[in-house]
Amino acid sequence: GAMADIVTQLQDSVNELNGMFYNCVGVLQRDAKPAGTTADGELSDALPDDGREASEKQIKEMAAAVVHQSRKIDELASLLPEVDLDEHAQLGRIAKLQAENDELDRELARELEASEKILAKATAAFEAATDKVLLSEDQPSTTGR
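Residues numbered from 1 in each chain as written. Predicted model: local features only at pLDDT ≥ 70, side-chain atom pairs only at ≥ 80, totals over all residues. Heavy atoms only, no water.

Our focus in this paragraph is the overall build of the protein chain. For the protein chain, the count of helices and strands is three helices and two strands. The proportion of buried residues among the 145 residues of the protein chain is 10%. Sequence separation of 24 or more characterises 59% of the internal contacts of the protein chain that already satisfy a separation of 6 or more. Carbon and sulfur atoms make up 58% of the accessible area of the protein chain, which totals about 12,200 Å². (Helix = DSSP H or I, 4+ residues; strand = E, 2+ residues; numbered from the N terminus. Buried < 20%, exposed > 50% of the residue type's maximum accessible area, 1.4 Å probe, protein only. Contact = heavy atoms within 4.5 Å. Areas by Shrake-Rupley, 256 points an atom, 1.4 Å probe, with all protein chains shown as cover.)

This is the structure:
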């Protein structure tokens, strides 16, 4: 019910966050300024201005979207019921679920058996009706043709 809906929303939100990370990293890789080097080949702190860099505004917008999505995930996670981490309680819950499953299995088997009996009766009735029609067609007509 409700927990399944929350879990689905949580999965969707995590997938969306993963997509955001993928896109953000891609933009940063594509638009990052190349590292400069000094005359002796060492990396320099000076970054060349080639006009390709990701704007600070763009970076802040991506970061804000990631933070917003992270908060949404936190809110959804907080709506999930507490999980009893006690192993004994978990095993008890599993046994209860297995018993429910076994009972449903028996109920379905009973329903299947009843349905098969009804189908057999319906098939027999259909065959009897078709036999009657076919046999009556084989009889000579008494209408005086």
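On to the pattern of salt bridges. Considering all chains together, one arrives at five salt bridges under this definition. For Lys-57, the salt bridge identified is with Glu-61, shortest N-O distance 3.6 Å. Of this pair, Lys-57 and Glu-61 both sit in helix α2 (residues 56–79), four residues apart, which is roughly one turn of that helix. For Lys-117, the salt bridge identified is with Glu-113, shortest N-O distance 3.6 Å. Placement of both Lys-117 and Glu-113 in helix α3 (residues 87–138) is noted, with a separation of four residues, approximately one turn of the helix. The structure contains a network of salt bridges with shared partners spanning Glu-103, Arg-106 and Arg-110. (Salt bridge = Lys/Arg side-chain N within 4 Å of Asp/Glu carboxyl O.)

In this structure, Leu-10, Leu-17, Met-20, Cys-24, Val-27, Met-62, Val-66, Ile-73 and Leu-76 together form the largest nonpolar core, which totals nine residues. Contributions of two or more residues to this core are made by α1 (2–31) and α2. Residue contributions to this core peak at five residues, all from α1. For Val-66, the residues in contact, after removing those within four places along its chain, are Leu-17, Met-20, Phe-21 and Cys-24. (Core = buried A, V, L, I, M, F, W, Y, C linked by side-chain atoms within 4.5 Å.)

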